[in-house]
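Architecture at a glance
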Amino acid sequence: MSDDLAMSLFDADAFCKLLGNSGRMTAIDSTAQKRENSVSRRRFQRGSVYENSNGTMWLGQFSEYILNAQGAEERKIRTLQLCPTTSTKRAALKILQPHLDRVNANIGSPAREHKSATLEAFAAIWERDYLALSKPSTRSGMRTHLKRLKLAFGTKDMRKIDAGDLQSLISQMKAEGLDPKSIRNLWGTVSLIWQAGLAQKFVDATLPKPKLPKRLKKKKKFFDLTEVGCIIAASEGRDRLFFWLAAEAGLRAGELAGLALDDIFGDRLTVDQSVWNGDTQEPKTENSKRSLAMSQQLVEMVWEQITQQRAKGHRFLFTSARGNPLCMDNYRARKLKPLLAKLKISQKGFHAFRHFNSSLLDHLGVQLKVREDRLGHALTESITQVVYTHTLTATGDTEAAAKAGDAIAAEVAKAVSIAGLTTTNEKGLRSRESEAYTA
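Definitions and cut-offs
Residues numbered from 1 in each chain as written. Predicted model: local features only at pLDDT ≥ 70, side-chain atom pairs only at ≥ 80, totals over all residues. Heavy atoms only, no water. Axes fitted to C-alpha atoms, helices over the stretch in contact; angles between N-to-C directions. Helix = DSSP H or I, 4+ residues; strand = E, 2+ residues; numbered from the N terminus. Parallel < 35°, antiparallel > 145°, perpendicular 65-115°, else oblique. Left-handed = near helix turned anticlockwise from the far one by under 90°. Contact = heavy atoms within 4.5 Å. Buried < 20%, exposed > 50% of the residue type's maximum accessible area, 1.4 Å probe, protein only. Pairing = 2+ DSSP bridges. Phe/Tyr/Trp six-rings, centres within 6.5 Å; stacked < 30°, edge-to-face > 60°. Patch = residues over 30% accessible without salt bridge, like charges linked within 9 Å, V, L, I, M, F, W, Y side chains within 5 Å. Areas by Shrake-Rupley, 256 points an atom, 1.4 Å probe, with all protein chains shown as cover. Salt bridge = Lys/Arg side-chain N within 4 Å of Asp/Glu carboxyl O. Lys, Arg positive; Asp, Glu negative; His and termini not counted. Charge placed at Lys NZ, Arg CZ, Asp CG, Glu CD.

**Structural notes on the packing of helix α4 (residues 119-129) against helix α5 (residues 136-153)**
Two numbers describe how α4 lies on α5: the axes approach to 10 Å, and their chain directions differ by 165°. By the angle class used here, α4 and α5 are roughly antiparallel. In this structure, the crossing between α4 and α5 has a hand that is right-handed. Across from Leu119, Glu120, Ala123, Trp126 and Glu127 in α4, the residues of α5 making contact are Met142, Arg143, Leu146, Leu149, Lys150 and Phe153.

Following this line, the structure appears as C-alpha cells:
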C-alpha cells in the first residue's frame with residue numbers, strides 16, 4: 001500500500017483533535033506526568049542560618065520529608081533555635097550540621113512512618129498488648145508505676161519526653177523518701193515502655209539510663225533454729241504443718257499458697273504454680289518448677305491435711321473456709337504476726353523461713369547443688385558451679401529432707417520440753433547468711 005493511500009484512510013478529524021489550536025500534538029497523560037501536590041525531587045541540603053527578628057538568636061532552617069496521616073510523603077520546613085547571636089554564625093552552622101547530616105543521609109530512602117501519641121495514650125496500648133502478658137504480681141507493680149508516669153507526663157508527646165524529664169521525676173521520688181529499689185523498679189518499667197514505643201515507631205530512640213540512687217544494703221531477716229522450733233511447737237493443726245513445710249522445704253509464700261492436692265505424690269511434692277492475691281500464675285523463675293523430697297515427719301502431717309481437704313472438697317493444700325487459696329498477707333497478719341509477738345521473736349515475714357532453710361541445709365553439710373535445686377534458685381553462680389557441678393547420688397534430695405526434718409523435730413521437742421516458750425534460750429543454730437542464697 002502506498003503512503004498516499006494510507007493517508008487517505010487516516011481519520012482526519014481525530015488527527016486534528018490531537019493537534020489542537022497550536023498545531024502541535026497535545027501530550028498524552030501518563031504516570032510520569034507531574035501531578036498536583038507532588039513533592040519535588042529530594043536534593044542535598046546545606047540549610048540556612050539567620051538572625052531572628054529581634055537579632056538575639058541564630059535560627060536554622062532545613063527541609064524534612066515525612067509521611068502524613070494518609071501515608072503520602074510531604075516536605076516540612078523545620079526551624080530550630082541554635083544559639084544566641086553573641087556566638088558567631090559559624091558556631092551556629094556547627095549546631096545545625098547534625099540535623100542536615102541526618103536529612104541528607106536519607107535522601108535516597110523513603111520517609112519513615114511517623115506516629116505520635118501522648119504517654120497516656122501509648123500507656124494504654126502497652127498495658128493492653130504487653131503488660132497483659134505478664135504475671136499478675138508483675139502487672140500490679142507496673143500499674144503503680146504507670147499511675148506515677150501518667151501523672152508526670154500523661155499529656156506530653158512521647159517524643160518530647162527526654163532524659164532530663166525522667167531525671168527530674170527520679171529526683172522528686174528520692175525527695176519524697178521512696179525506697180531506692182522502688183525507684184529502680186520504675187526505671188525498669190520506663191525502659192520496657194520505650195522499647196515497645198521504639199518497636200512501634202512512636203519514639204525514635206529509647207531513653208538513656210538515668211542516674212539512679214544506690215540500693216541500701218539491708219540486714220537480711222531470718223529465723224534461727226531455736227526460733228523455728230518454738231514457732232512450730234506453739235502451733236497445731238494446719239498452722240503447724242504450714243510453718244514446718246515453710247522451714248523444711250523453703251518454699252516461697254506464693255508457692256505454699258499454690259500447692260494443690262494433686263501436687264503431692266507419696267513422700268514428694270511438686271512446685272509448678274504460684275498464687276498471688278487469689279490469681280494462679282507461673283512460679284518466679286523456670287528453675288522454680290521443681291520436685292522436692294519430704295521428711296517422714298512432714299509426710300505424715302501432709303497426708304493428714306490432704307485427707308481433711310478432700311473431705312471438704314477443696315483442691316489446694318491450704319485454703320480459706322470457702323476453699324480459696326490462702327491469702328498470704330492475711331495469713332501473716334492473723335497467724336504469724338501474733339504468734340511471733342507472743343513468743344517475743346522479732347517480726348519477720350514468710351521469706352525468713354526460706355533464708356532459714358538455706359542456712360540450715362548449709363549447716364547440715366548438704367551439697368550446694370542440692371540446696372539450689374530444692375530452693376529453685378535461678379542460675380546465678382559461676383559456670384563451674386552451674387554447668388560442671390552435679391548431684392553425685394540420686395538420694396541427695398531425700399537425705400537433705402531427712403536431715404532438715406530431724407533437725408527441726410529435735411528443736412521442736414526441745415521447745416516443747418521447756419516450760420514457757422517465751423523464755424527459750426538462744427542456743428542452736430545461728431544461720432550463716434549468704435547473699436548467694438537469697439531469692
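**Structural notes on the pairing of strand β5 (residues 268-271)**
Burial along β5 is one-sided: the residues Leu269 and Val271 are buried and none of Arg268 and Thr270 is. When strand β4 (residues 264-265) meets β5, the two strands line up antiparallel, connected through 2 bridges. Directly across from Ile264, in β5, lies its bridge partner Leu269. In textbook terms, the turn of a hairpin is the stretch between consecutive antiparallel strands, and for β4 and β5 this stretch comprises 2 residues, one of which, Gly266, has a positive phi near 60°. Across 4 bridges, β5 lies against strand β8 (residues 290-293) in antiparallel orientation. Within β8, the residue paired with Val271 across the bridge is Arg290.

**What about the packing of aromatic side chains?**
By the definition in use, this model includes 9 aromatic pairs. Look at Phe122 and Phe202: their rings are 5.2 Å apart centre to centre, the planes differ by 50°, and that puts the pair in the tilted class. Placement of Phe122 in helix α4 and of Phe202 in the loop between α7 (180-199) and α8 (225-233) is noted, with a sequence separation of 80 residues between them. Three or more aromatic residues link up through ring pairs in this structure, and these residues are Phe223, Phe242, Phe243, Phe318, Tyr331, Phe350 and Phe353.

**Things to note about the sheet that holds β4**
Overall, antiparallel pairing links the 3 strands, which are arranged β4-β5-β8 in an open sheet. Since the sheet does not close on itself, it has two edges, and those belong to β4 and β8, each with one partner.

**A closer look at a positive patch on the surface**
On the surface, a cluster of positive charge is made up of Lys181, Arg215, Lys220 and Lys284. Turning to its location among the elements, Lys284 is positioned in the loop between β7 (279-281) and β8.

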